[in-house]
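# Reading the structure
Each chain, written out:
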Amino acid sequence: MASSILVIASRDLKRFWSYKFWLAGQVVMNVADIVIFGLLFNNMVNRSLIPDYIKFVTPGILSLALFISSFSIGREVGVELRREVTDYLLSLPVSRLELVLGRFVGGAFRGLIYQSGFLVLAMLLVGQPSPAAWLVIAYTSILLSLAMSGLSIALSTVTRDFNLQATIRSVVYYMLFFFSNIFYPTQVVSMRFGPLAPFVAYSPLSIATTLYRWGFGYLRDVDVVSNMLLLGVWTIVLLILSSVIYLRNLTRRG
Amino acid sequence: MFLFLAGVRLMEDRVVAVKVVNFTKRFGNFTAVNGLNLEIYDREIFGFLGPNGSGKTTTLLTIATVYKPTSGDIFVYGHSVTREDYEVRKLVGLAFQDPKALWVDKVQELLEWHARVVGFSRGEAKKVVREVLETLDLWEHRNKYFYQLSGGTRKKLELAKVLIQRPRLAILDEPTAQVDVPTKHKLWNIIKELRDQGSTVIIATNDMFEAEKVCERVGIIYKGRLVAVDTVSGLKDRIPKGDVIEIVIEGDGRKDKAIESLMDLGRVEYQGNTLRIYVEKGEEKALLAADILRSAGIKVKSIMVKEPTLDDVFMYFTGARLVEES
Ligand SMILES: Nc1ncnc2c1ncn2[C@@H]1O[C@H](COP(=O)(O)OP(=O)(O)OP(=O)(O)O)[C@@H](O)[C@H]1O
Ligand SMILES: [Mg+2]
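This write-up is about the structure you can find in this document.

Cut-offs used in this document
- Residues numbered from 1 in each chain as written.
- Chains lettered and ligands numbered in written order.
- Predicted model: local features only at pLDDT ≥ 70, side-chain atom pairs only at ≥ 80, totals over all residues.
- Heavy atoms only, no water.
- Axes fitted to C-alpha atoms, helices over the stretch in contact; angles between N-to-C directions.
- Helix = DSSP H or I, 4+ residues; strand = E, 2+ residues; numbered from the N terminus.
- Parallel < 35°, antiparallel > 145°, perpendicular 65-115°, else oblique.
- Left-handed = near helix turned anticlockwise from the far one by under 90°.
- Contact = heavy atoms within 4.5 Å.
- Expected span 1.5 Å × (residues − 1).
- Buried < 20%, exposed > 50% of the residue type's maximum accessible area, 1.4 Å probe, protein only.
- Buried area = accessible area lost by both parts, 1.4 Å probe.
- Salt bridge = Lys/Arg side-chain N within 4 Å of Asp/Glu carboxyl O.
- Polar contact = N/O pair within 3.5 Å; in protein donor to acceptor, adjacent residues only side chain to side chain.
- Donors = N, O, S within 2.8 Å, 3.2 Å for Na, K, Ca; no water.
- Patch = residues over 30% accessible without salt bridge, like charges linked within 9 Å, V, L, I, M, F, W, Y side chains within 5 Å.
- Areas by Shrake-Rupley, 256 points an atom, 1.4 Å probe, with all protein chains shown as cover.
- Pairing = 2+ DSSP bridges.
- Core = buried A, V, L, I, M, F, W, Y, C linked by side-chain atoms within 4.5 Å.
- Phe/Tyr/Trp six-rings, centres within 6.5 Å; stacked < 30°, edge-to-face > 60°.
- Lys NZ or Arg CZ within 6 Å of the ring centre and 35° of its normal.
- 1 Å grid on protein atoms, 1.4 Å probe; cavity = no way out; pocket = protein on both sides within 12 Å on 5 of 7 lines; lining within 4 Å.
- Points joined across faces, edges and corners; volume = space filled by probe spheres on them.
- Near = heavy atom within 4 Å.

## So, the packing of helix α4 (residues 107-117) of chain B against helix α5 (residues 122-135) of chain B
Residue and element names in this part refer to chain B. Between α4 and α5, the shortest axis-to-axis distance is 9 Å and the interhelical angle comes to 125°. In terms of axis orientation, α4 runs oblique to α5. In this structure, α4 crosses over α5, and the sense of that crossing is right-handed. Together, Val-107, Gln-108, Leu-111, Glu-112, Ala-115 and Arg-116 of α4 and Arg-122, Ala-125, Lys-126, Val-128, Val-129 and Leu-133 of α5 make up the contact between the two elements.

Here is the structure:
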């Protein structure tokens, strides 16, 4: 079981490195987010809300980097559906559960590997996590990458129309990272978009960012356990939903 | 009589690899396969013939558990495709009609991954993929992306997957379509070897020559219904008056007598001193015809039996009658 899942996942991981230009572009963007935005915004933001923008934004970029890379699996899953490569997957001697878990894990691997470089950067720019904090960081990364991989797989299989797939993915993608605390603190969000504030505060990316900010020592006053539980709930719900949608749409013609 | 009974026993003793029971498949309102019943035996090469859109691929994909039956069931070595799909997949290898890969996939990587999924260790996977690539003359293409391959090469890549797997049941959907003629002959031998090494093989094809060359039994499917199943020669025998016995006699002075004596066998036509008799089971009747002529004192210069081709069989069972009945 475990080995089948890993073999399925290895295919998605290998493909990730085939998109070299896309990858290079992402790295440049994420680093630019930290360096350029950090330097520019540092002198523009209200210091009572954000004392140091670089320390503030870097843990957010950890979430963003993980999100972007795990989420990228949806693109291939969508193309596979349209080109009927999914029929090939369905014919392989693995169970449907192994297949779907393998895909989730494949996306999650992309996220975890891509994020690792940014973890080192965060250690340099923000602070050294304690061993306990590392456990929280690992938990956060594993769950968030699985949840986002599942989400993008589900979104990519709701329709065989490639344009519609891409549109749905982009909309959800921008919603998730704009309506989060990655670039702006939760207090500001509550002031400006009142009704959206709960969504922003409890979105998976915001929860993960809060946990990273705590882990790297930027925030002290965080209810770590509740945030971890909440992220766990998000992950379980998204994965169950995604499994159902993926398998239903994969086998719909048949 | 004894032979007949022995034949029946032989059939009963054969292990059934695939049992199709009242299989119907609908896509929306359209019925692609309609109440199919069929048995395919262990370690035979079974051919699925039928015009475009007759339901071959639909049936094969359902056997491989990619599609689910709308009603009825299919059993692969006793496992139901509806209730034990995972058990079925462990026994089945499938080469698709339309090769399945994404542009980012490279030949060797794609196949090594396939080998891993079907159960080889990393080291074994490398080895078996190399062997199969060399067998199929694909080694030089190993580092190419899928989109860089020609149509025939893509088809060979599909077959490679099955050769790596060597499944109990190999399903090949038009394995030699788009492949050049010398390669076709090579692939037919490879397919026979696959069977000789223990696989049951089902081939869908439109190529009558291919069916005749590699298949022991064929089923003809037409508009989602199975219209005939038999050995290739059995099917030919089932075309009414499909055989032609061509007899050349010496001197046409005795022609009338000859025709008269042969009338009982079938319709007789003549041209010069060549007589044509339209019959079933041409080989048997030819011997009879020779005897009749000899006892009538007519000298036979040559005698030849022309069998219908499988094309004729196909046309006959799928609607167009090539051989008109008089
Ligand atoms: N996914 C699908 N949705 C709707 N109709 C389908 C689908 N797949 C097949 N069909 C229809 O079912 C019928 C049988 O198709 P199938 O692919 O089984 O034919 P085939 O015998 O393999 O033909 P060919 O020789 O062209 O490969 C066709 O009319 C086809 O249009
Ligand atoms: Mg077909």
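Past the structure itself, the notes keep going.
## With respect to helix α11 (residues 204-215) of chain A
Residue and element names in this part refer to chain A. With 12 residues, α11 ought to run about 16 Å at 1.5 Å a step, and its terminal C-alpha atoms sit 16 Å apart, in line with that. Within α11, 11 of the 12 residues are buried, which leaves the element mostly enclosed by the surrounding structure. Where α11 is concerned, the buried positions are Pro-204, Leu-205, Ser-206, Ile-207, Ala-208, Thr-209, Thr-210, Leu-211, Tyr-212, Arg-213 and Gly-215. Where α11 is buried, its residues touch α3 (53-71), α6 (96-125), α7 (131-157), α8 (162-178), α10 (197-202) and α12 (224-250). Phi turns positive one or two residues past the end of α11, at Gly-217, with a value near 85°.

## Regarding the interface of chain A and chain B
Chain A puts 28 residues into the contact, and the matching count from chain B is 28 residues. Both faces considered, chain A and chain B share a buried interface measuring about 2,500 Å² in area, 62% of it formed by carbon and sulfur atoms. On the surface where chain A and chain B come into contact, there are 2 salt bridges. Lys-100 of chain B serves as the salt-bridge partner of Glu-84 of chain A, at 3.8 Å between the closest nitrogen and oxygen. Connecting chain A to chain B are 6 residue pairs in polar contact (both at pLDDT 80 or more). Of all the secondary-structure elements, those providing two or more residues to the side of chain A that touches chain B are α1 (2-16), α4 (73-83), α5 (85-91) and α6 of chain A.

## Comments concerning helix α2 (residues 56-63) of chain B
Among the 8 residues of α2 of chain B, 7 are classified as buried, and the element is accordingly described as predominantly covered. Of all the positions in α2 of chain B, only Lys-56, Thr-58, Thr-59, Leu-60, Leu-61, Thr-62 and Ile-63 of chain B are classed as buried.

## Some thoughts on the coordination of the magnesium ion (ligand 2)
A four-donor tetrahedral metal ideally has 109.5 degree angles, and a six-donor octahedral metal ideally has angles of 90 or 180 degrees. Residues and elements named next belong to chain B. The magnesium ion (ligand 2) binds to the protein through Thr-57 (OG1) and Gln-97 (OE1); the donor distances cover 1.9 to 2.1 Å. One end of the pair, Thr-57, is in helix α2; the other, Gln-97, is in the loop between β6 (92-95) and α4, with 40 residues separating them in the sequence. For Gln-97, a relative accessible area of 29% translates into the label partly exposed.

## Some thoughts on a nonpolar patch on the surface
Residue and element names in this part refer to chain A. On the surface, a nonpolar cluster with roughly 700 Å² of combined accessible area is contributed by Val-27, Val-31, Val-35, Ile-36, Phe-37, Leu-39, Leu-40 and Met-44. Relative to the helices and strands, Ile-36 is located in helix α2 (residues 20-42). When its relative accessible area of 47% is taken as the criterion, Ile-36 is described as partly exposed.

## Quick word on the sheet that holds strand β14 (residues 300-306) of chain B
All names here are of chain B. Taken in spatial order, the 4 strands of this open sheet run β12-β13-β11-β14, and their pairing is antiparallel. Strands at the two margins of the open sheet, each flanked by one partner only, are β12 (267-271) and β14. Averaged over all pairs of adjacent strands, the angle between their axes in this sheet comes to 20°, without regard to strand direction. Two strands pair when backbone bridges link them, and strand β11 (residues 243-249) and β14 are joined in this way by 6 bridges, in the antiparallel orientation. Counted as the bridge partner of Ile-247 is Ile-303 from β14. Sheet contacts for helix α10 (residues 255-262): β11, β12 and β13 (274-279); angle to β13, the most-contacted strand, approximately 10°. Across the sheet, helix α11 (residues 282-295) is in contact with β11, β13 and β14; its angle to β11 comes to roughly 25°.

## Structural notes on the pairing of strand β3 (residues 45-49) of chain B
Residue and element names in this part refer to chain B. Where burial is concerned, most of β3 is hidden: 5 out of the 5 residues are buried. Here β3 shows two buried faces, one formed by Ile-45, Gly-47 and Leu-49 and the other by Phe-46 and Phe-48. Inspection of the sheet shows β3 paired to strand β8 (residues 200-205) by 5 bridges, in the parallel sense. Within β8, the position partnered with Phe-46 by the bridge is Ile-202.

## Here we look at the nonpolar core
Residue and element names in this part refer to chain B. In this structure, Val-18, Ile-63, Val-76, Leu-169, Ile-171 and Ile-202 are the most contacted members of the largest nonpolar core, which totals 57 residues. It is strand β2 (residues 30-41) that provides the largest number of residues to this core, a total of 5 residues. Once you skip the residues sitting within four places of it in the chain, Ile-202 turns out to touch Val-18, Ile-40, Phe-46, Phe-48, Leu-60, Ile-63, Leu-169, Ala-170, Ile-171 and Leu-172. Counting residues in hydrophobic clusters, the runner-up holds 49 residues, among them Leu-138, Leu-157, Ile-164 and Ile-190.

## Some thoughts on the packing of aromatic side chains
Per the counting criterion, the structure on display carries 22 aromatic pairs over all chains. For the pair Tyr-114 of chain A and Phe-118 of chain A, a centre-to-centre distance of 5.6 Å together with 40° between the ring planes defines the contact as tilted. You can see Tyr-114 of chain A and its partner Phe-118 of chain A sitting in helix α6, 4 residues apart, about one turn around the helix. The pair Tyr-114 of chain A / Phe-118 of chain A is uniform in exposure class, with both members buried. Each ring, one from Trp-134 of chain A and one from Phe-216 of chain A, has its centre 5.9 Å from the other, and the planes form 80°; the classification is edge-to-face. Residue Trp-134 of chain A is found in helix α7, and its partner Phe-216 of chain A is found in the loop between α11 and α12; the two are separated by 82 residues along the sequence. Using a relative accessible area of 3% as the deciding quantity, one classes Phe-216 of chain A as buried. Every member of this aromatic cluster is reached through a ring pair, and the members are Phe-67, Phe-71, Tyr-173, Tyr-174, Phe-177, Phe-178, Phe-183 and Tyr-184 of chain A. A cation sits over an aromatic face here: Arg-168 of chain B above Tyr-77 of chain B, 4.0 Å from the ring centre.

## What to know about empty space enclosed by the protein
Taken as a whole and assessed by the stated rule, the structure comprises 1 cavity of 30 Å³ or more. Taken as a whole, the largest cavity spans an internal volume of roughly 30 Å³. What lines the largest cavity is simply Tyr-88, Ser-91, Leu-92 and Pro-93 of chain A together with Val-92, Gly-93, Leu-94, His-114, Lys-161 and Gln-165 of chain B. For the lining of the largest cavity, the elements supplying multiple residues, two or more each, are α5 of chain A together with β6 and α6 (151-165) of chain B. By residue number, the principal contributor to the lining of the largest cavity is β6 of chain B, which donates 3 residues.

## Details of the side chain of Glu-76 of chain A
Of note, Glu-76 of chain A is situated in helix α4. Look past the residues within four positions of Glu-76 of chain A in its chain and what remains in contact with it is Arg-15, Tyr-19 and Arg-110 of chain A together with Leu-102 of chain B.

## Quick notes on the site of ligand 1
The immediate surroundings of ligand 1 are formed by 16 residues, with Gly-53, Lys-56, Thr-57, Thr-58 and Gln-97 of chain B found nearest. In this structure, ligand 1 is bordered by residues of chains A and B. Counting only elements with at least two residues in the shell around ligand 1, the list comes to β2 and α2 of chain B. For the shell around ligand 1, the element with the most residues is α2 of chain B, which contributes 3 residues.

Worth remembering: the numbers are spatial, not functional.
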